[in-house]
Every structure is written in C-alpha cells, then in structure tokens.
Amino acid sequence: MTPPAREPALLRGLDAFTDRIGTAVAWLVIFMMLVQFAIVVMRYVFSIHNIVMQESVMYMHAAVFMLGAAWTLRRDGHVRVDIFYRRLSARGRAWVDLCGTLFLLIPVALFIAIGSVGYVRSSWAILERSPDGGIPGVYLLKSLILVMMALLLIQGIAQLIRQVLIIRHRLPSDAPPHEELL
C-alpha cells in the first residue's frame, strides 16, 4: 500500500478557488445585514422607503445562496441523511461521495445549466429590469444561475479527484466535520 501523499496541485487550486469565493460571500452576508438594518431604520424611524435598497438585499441573498453552494459542498455542509454513511469506512464514504458526484451532482448541475441558458439569454437580450423601478440588472441576477452551476461543477471535479485519491489510498481521509461533533 502506498503511503498517503500530499494533495495534487490541481486539487489544491480548485479548493483554494472555492475557498476564495466562500470568503467573499461571507463578507457579503455582513454587508447584507448592514443594508437590511439601514432599511429598517429608514422605514420605521424616518418613514423613508427605498425600493433599490430593498431589492439589493434580495440580490445579495440570492448571491449568497448561489455563490456559496460550492463552498458549502467543499465543507461537506449540505444536508445528508447519513444513517449508513457514518458507519462506513473512509473508503466506503469516498465511494458513496464519488457515486453521488458522478451520478447526481454533475448530471443535475449540467441539466440546470443547459436548461437555464435560454432563460438567462432572453433576460440579457432585453436587459431585463426590475418591474418595480428598482435595480435595473435583473439579467445579472439571473446570470448567477449559470455561475452557480459552473462553481458547483468546478467543486464537483475537485470532489471527484479527492474521492479517487482516498479510494486509492493516496490521500488521507479526514472524518467529515459533522462526525467530529459526535
């Protein structure tokens, strides 16, 4: 058996890219909370309504969700029904994750991406605006669907590499974070 080695450069690079996106999104959450606080103060203290600020919170919330999905996948933070998973060996978990990535994550992400291209393209064709007179960049918001799928596919590739290395005993497998709490 080959001793566990260091992660390959490609895997480290993909993970680092996802981590940078996740860090940026985390800062966006703080900014979103500050804007929401300002909206509440403006509305209830000064009776001022600002549709652009209200829509900006919606846009930021969408960005946090869509841009943070790949980072959540990297951190094994998605919901998992692990009745059997946690009892498996590291290689068994790697096989489950490998199959899940190959047969669920990648096909679903490609399906959503391909299905969304026309939706996003038509929004860009008319430079879709807010019907309420708010932010004039609805087409940019809709573009996040494709960005989310691209980020999930990038992290999916990293997951595939990691799981193959674990199965081949070329990478140590750490216990998933949710098991550390048990």
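Scroll up to find the structure.
The rules we used
Residues numbered from 1 in each chain as written. Predicted model: local features only at pLDDT ≥ 70, side-chain atom pairs only at ≥ 80, totals over all residues. Heavy atoms only, no water. Helix = DSSP H or I, 4+ residues; strand = E, 2+ residues; numbered from the N terminus. Rg over C-alpha atoms; globule rule 2.2 N^0.38 Å. Buried < 20%, exposed > 50% of the residue type's maximum accessible area, 1.4 Å probe, protein only. Contact = heavy atoms within 4.5 Å. Areas by Shrake-Rupley, 256 points an atom, 1.4 Å probe, with all protein chains shown as cover. Lys, Arg positive; Asp, Glu negative; His and termini not counted. Charge placed at Lys NZ, Arg CZ, Asp CG, Glu CD. Expected span 1.5 Å × (residues − 1). Salt bridge = Lys/Arg side-chain N within 4 Å of Asp/Glu carboxyl O. Polar contact = N/O pair within 3.5 Å; in protein donor to acceptor, adjacent residues only side chain to side chain. Phe/Tyr/Trp six-rings, centres within 6.5 Å; stacked < 30°, edge-to-face > 60°. Core = buried A, V, L, I, M, F, W, Y, C linked by side-chain atoms within 4.5 Å. Bend = angle between axes of the 7 residues up to and from the residue.

Caption draft 1: A look at the overall build of the protein. Helix and strand counts for the protein come out as 5 helices and 0 strands. Along the protein, from the amino end to the carboxyl end, the secondary structure elements read α-α-α-α-α. In summary, the protein has a C-alpha radius of gyration of 20 Å against a globular reference of 16 Å for 182 residues, an excess of more than 25%. Of all 182 residues assigned to the protein, the portion counted as buried reaches 37%. In the protein, once contacts between residues fewer than 6 apart in sequence are set aside, the share between residues at least 24 apart is 73%. For the protein, the accessible surface area stands at approximately 11,400 Å², while carbon and sulfur atoms represent 71% of it. Seen as two clouds, the 17 positive and the 12 negative side-chain charges of the protein have centres 6 Å apart.

Caption draft 2: Examining helix 4 (residues 138-167) more closely. With 30 residues, helix 4 ought to run about 44 Å at 1.5 Å a step, and its terminal C-alpha atoms sit 44 Å apart, in line with that. With respect to burial, helix 4 is a largely interior element, 21 of its 30 residues being buried. Remark: His169 follows helix 4 within two positions and exhibits a positive phi of approximately 60 degrees.

Caption draft 3: The side chain of Glu55, seen in detail. Its location among the elements puts Glu55 in helix 2 (residues 51-74). Of the side chains bearing the opposite charge, Arg129 lies closest to the buried Glu55, which forms no salt bridge; the N-O distance is 9.5 Å. In this structure the side chain of Glu55 is engaged in a polar contact, spanning 2.5 Å, whose partner is the side chain of Ser130. Setting aside its immediate chain neighbours within four residues, Glu55 contacts Ser130, Asp132, Gly134 and Ile135.

Caption draft 4: Here's a closer look at the packing of aromatic side chains. Across all of its chains, the model carries 1 aromatic pair by this definition. When the centroid spacing of 4.6 Å and the interplanar angle of 70 degrees are considered together, the rings of Trp124 and Tyr139 count as edge-to-face. Here Trp124, found in helix 3 (residues 90-125), pairs with Tyr139, found in helix 4; they are 15 residues apart in sequence, far enough to count as distant. Residue Tyr139 is classed as buried on the basis of its relative accessible area of 16%.

Caption draft 5: Focus on unusual backbone geometry. In this model, Leu127 sits at a positive phi of 45 degrees, which is unusual for a non-glycine residue. Among the secondary structure elements, Leu127 is positioned in the loop between helix 3 and helix 4. Of the residues examined, Leu127 reaches a relative accessible area of 45% and is grouped as partly exposed. The residue His169 is not glycine, and still its phi comes out positive at about 60 degrees. Counting through the fold element by element, His169 comes out in the loop between helix 4 and helix 5 (177-180). Taking the relative accessible area as the measure of exposure, His169 reaches 29% and is therefore partly exposed.

Caption draft 6: Layout of the nonpolar core. If you look at the biggest cluster of nonpolar residues, it comprises 21 residues, and the most contacted ones within it are Met66, Leu67, Leu144, Met148, Met149 and Leu152. When contributions to this core are tallied by element, the ones reaching two or more residues are helix 2, helix 3 and helix 4. Element by element, the count of residues in this core is highest for helix 2, at 9 residues. Residues Leu11, Ala94, Ile166 and Leu171 belong to the second largest nonpolar core, which totals 11 residues.

Caption draft 7: Here's a closer look at the environment of Phe65. If you trace the backbone, Phe65 turns up in helix 2. When the C-alpha atoms of Phe65 and Leu144 are compared, they prove to be 9.9 Å apart, with 79 residues separating the residues in sequence.

Caption draft 8: Quick look at helix 2. Taking 1.5 Å as the rise per residue, helix 2 with 24 residues should run 34 Å; its terminal C-alpha atoms sit 35 Å apart, in good agreement. Along its length, helix 2 shows its largest kink, about 45 degrees, at Gly68. The N-cap residue of helix 2 is Asn50: its side-chain oxygen and the backbone nitrogen of Val52 are 3.0 Å apart. After helix 2 finishes, the residue Asp76 shows a positive phi value of roughly 55 degrees.

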